[in-house]
Amino acid sequence: MKLELLPYKLPLKHTFTIAHQSRDVQDTLIVKLIDKDGLYGLGESTTNPFYGISLENMQACLGDVAGMLAELEPIHPEELWDKTKSYFKGNPFAQCALDMAAWDLYAKKQGKKLYELLHLNPDKIPLTNFTIGIAPIPKMIEKMKELDWPIYKIKLGTDHDLDIVKALRKHTDAVFRIDANCAWTADQAIAFSKELAALNVEFMEQPLPKDDFQGMKKVYANSALPVIADESCIIEEDVKKCYGHFHGINVKLVKAGGISPGLRMLQEAKTLGMKTMVGCMTESSVGISAIAHIAGMLDYVDMDGAMLLASDIAKGVTITPERVTFPDRPGTGALLI
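Just so it is clear, the model here is predicted, and its values are computed rather than measured.

Peer 1: What is the right way to look at the overall build of the chain in this model?
Peer 2: Counting secondary structure elements, the chain contains twelve helices and 15 strands. Taken over the C-alpha trace, the chain has a radius of gyration of 19 Å; the compact-globule value for 337 residues is 20 Å, and the two agree within 12%. Overall, the C-alpha framework of the chain stretches about 60 × 40 × 35 Å when taken along its three principal axes. Nonlocal contacts in the chain, meaning residues at least 24 apart in sequence, comprise 65% of its contacts between residues at least 6 apart. With the model as given, the accessible surface of the chain reaches about 13400 Å², and the carbon-plus-sulfur share is 52%.

Peer 1: Is there a simple way to explain the environment of Leu 10 in this structure?
Peer 2: Structurally, the position occupied by Leu 10 is in strand S1 (residues 2–18). When the C-alpha atoms of Leu 10 and Thr 28 are compared, they prove to be 7.1 Å apart, with 18 residues separating the residues in sequence. The contact partners of Leu 10, leaving out residues within four places of it in the chain, are Asp 24, Val 25, Gln 26, Thr 28, Glu 44, Thr 282, Glu 283, Ser 284, Leu 309 and Ile 313.

Peer 1: Would you mind showing me how to read the sheet that holds strand S6 (residues 175–179) here?
Peer 2: By way of backbone hydrogen bonds, the strands of a sheet pair with one another, either parallel or antiparallel. Reading across the sheet, the eight strands line up as S4-S5-S6-S7-S8-S9-S10-S11 and stay open at both edges, with parallel pairing between neighbours. Edge strands, defined here as strands with exactly one partner in the open sheet, are strand S4 (130–132) and strand S11 (300–301).

Peer 1: I tried to follow the pattern of salt bridges on my own but got confused; where do I start?
Peer 2: Here the idea is simple: oppositely charged side chains can pair when their charged atoms come close. Counted under the stated rule, the structure contains 19 salt bridges. Salt-bridge contacts for Glu 142 lead to Lys 139; the nearest nitrogen and oxygen are separated by 3.3 Å. Placement of both Glu 142 and Lys 139 in helix H5 (residues 137–146) is noted, with a separation of three residues, approximately one turn of the helix. Classification of Glu 142 as partly exposed rests on a relative accessible area of 40%. Asp 211 serves as the salt-bridge partner of Lys 210, at 3.2 Å between the closest nitrogen and oxygen. On the basis of relative accessibility, which here comes to 41%, the residue Lys 210 falls in the partly exposed class. A relative accessible area of 59% means that Asp 211 is categorised as exposed.

Peer 1: How should the nonpolar core be read in this particular structure?
Peer 2: Most often, soluble globular proteins keep nonpolar side chains buried together rather than apart. Counting residues in hydrophobic clusters, the biggest one holds 113 residues, and the most contacted among them are Leu 33, Ile 154, Trp 184 and Leu 196. Among the elements that make up this core, the one with the highest residue count is helix H3 (residues 92–110) (eleven residues). Setting aside anything within four residues of it in sequence, one finds Leu 196 in contact with Leu 162, Val 165, Ile 178, Trp 184, Val 201, Met 204 and Leu 225.

Peer 1: Would you take a moment to explain the side chain of Asp 304 for this structure?
Peer 2: Residue position: Asp 304 is located in the loop between S11 and strand S12 (314–315). At 2.6 Å, the side chain of Asp 304 and the backbone nitrogen of Thr 131 are in polar contact. Once residues lying within four places of it in the same chain are set aside, the contact partners of Asp 304 are Thr 128, Asn 129, Phe 130, Thr 131 and Cys 280.

Peer 1: Honestly, the side chain of Lys 255 in this entry has me stumped. Any pointers?
Peer 2: For Lys 255, the location among the structural elements is in helix H10 (residues 253–256). When residues no more than four places from it in sequence are discounted, the contact partners of Lys 255 are Tyr 51, Pro 92, Phe 93, Asp 230, Glu 231, Ile 234, Ile 235 and Met 281.

Peer 1: What is the right way to look at the pairing of strand S5 (residues 151–155) in this model?
Peer 2: The side chains of a regular strand alternate, first on one face of the sheet and then on the other. By the criterion of burial, S5 is predominantly enclosed, with five of the five residues buried. Both S4 and S5 contribute to a ladder of three bridges, which runs parallel. Each residue of the ladder has a partner; that of Thr 131, found in S5, is Lys 153. Handedness of the crossover joining S4 and S5 through H5: right-handed. Once you follow S5 into helix H6 (residues 161–169) and on to S6, the crossover reads as right-handed.

Peer 1: Quick question: what am I supposed to make of the sheet that holds strand S2 (residues 21–34) here?
Peer 2: On the basis of which strands lie adjacent, the open sheet formed by three strands has the order S1-S2-S3 and antiparallel pairing. Among the strands making up the open sheet, the edge pair consists of S1 and strand S3 (40–46). Neighbour to neighbour, the strand axes of the sheet diverge by 20° on average, direction disregarded. Note: S2 against S3, seven bridges, orientation antiparallel. What sits directly across from Lys 32, in S3, is Leu 42.

Peer 1: Explanation requested: the packing of aromatic side chains in the structure shown.
Peer 2: Any aromatic ring pair is given by two values, namely how distant the centres are and how the planes are angled relative to each other. Taken as a whole and assessed by the stated rule, the structure comprises six aromatic pairs. Measuring from centroid to centroid gives 5.1 Å for Phe 50 and Tyr 51, while their planes differ by 85°, and the two rings are edge-to-face. Overall, Phe 50 belongs to the partly exposed group, its relative accessible area being 43%. The partly exposed category is assigned to Tyr 51, whose relative accessible area is 28%. Ring centres of Tyr 152 and Phe 176 lie 6.5 Å apart, and the angle between their planes is 65°; on these two criteria the pair is classed as edge-to-face. With Tyr 152 in strand S5 and Phe 176 in strand S6, this residue pair connects regions lying 24 residues apart in the sequence. Looking at Phe 176, the relative accessible area reads 0%, which means it is buried. Directly above the aromatic system of Tyr 40 lies the positively charged group of Lys 108, at a separation of 4.8 Å from the ring centroid.

Thresholds, definitions, all that
- Residues numbered from 1 in each chain as written.
- Predicted model: local features only at pLDDT ≥ 70, side-chain atom pairs only at ≥ 80, totals over all residues.
- Heavy atoms only, no water.
- Helix = DSSP H or I, 4+ residues; strand = E, 2+ residues; numbered from the N terminus.
- Rg over C-alpha atoms; globule rule 2.2 N^0.38 Å.
- Contact = heavy atoms within 4.5 Å.
- Areas by Shrake-Rupley, 256 points an atom, 1.4 Å probe, with all protein chains shown as cover.
- Pairing = 2+ DSSP bridges.
- Salt bridge = Lys/Arg side-chain N within 4 Å of Asp/Glu carboxyl O.
- Buried < 20%, exposed > 50% of the residue type's maximum accessible area, 1.4 Å probe, protein only.
- Core = buried A, V, L, I, M, F, W, Y, C linked by side-chain atoms within 4.5 Å.
- Polar contact = N/O pair within 3.5 Å; in protein donor to acceptor, adjacent residues only side chain to side chain.
- Right-handed = clockwise from strand over helix to strand, strands pointing away.
- Axes fitted to C-alpha atoms, helices over the stretch in contact; angles between N-to-C directions.
- Phe/Tyr/Trp six-rings, centres within 6.5 Å; stacked < 30°, edge-to-face > 60°.
- Lys NZ or Arg CZ within 6 Å of the ring centre and 35° of its normal.

Rendered as structure tokens:
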């Protein structure tokens, strides 16, 4: 097998701001994993300065593994993940791009859509939320009005978070989810939860700093809303840590290292009785299509990344409030355009 690495810049419709960063353009890396017959799978990972991930270090990691792949026949993606994991220490984003491409290629070789290969029902896919990044309140209202959607995720982490939610609530009856991206204290989260519950907020995502498990135990016991882990649940070992501190986990495939560990994390959370969610990182339709194929096993999903782009570099799944439509192609169905 051989690799082809394709860097792109994804322009966003609006400046996207969360508690610790803003951006107008998202750098992303598309990975093509090509077998000896020319059949290929596509994977994707975006850069992320918060986690120290750049195009350069992803390309370097994947360049290191390319020699080994050249000697390897196609194998099951989970086996490939295990065989190559030593190359990706400190760079799960690059590992995710390869793993995603491996699953796409493997499903194509079986002549099946990925969700068919995983025995998942596309009719059980939950509706994705649509994310409203931090901005002046009038701008957040404007962004919300651009797309009439049944569920909005509201990014918070300002000194006027409740004012934001109250202002947005005046303009829609949609369900809200809020994501504080580690910005609150335990006492703030508990106090805010009561007012947010009255504003038809479904849950709070990652209200406290990622390592504040003592604070999260207090929030878990006293919050008027369910709490979902994001930054506190990065890798497989984190799932057990989150049990008894969060009601559910949000698995980001790029942070976890791909679909292979993501599936294991989700299954473990289900076994523990926790809610399951997968989130995105403003990927193109390559990454979003892969998420859609595993969404049939989830309680919640955040796969609006391609919907936030001014222009996409790929085509794949189509998402509407009514359904997710998969292209009539094997694998993830994603194609570069």
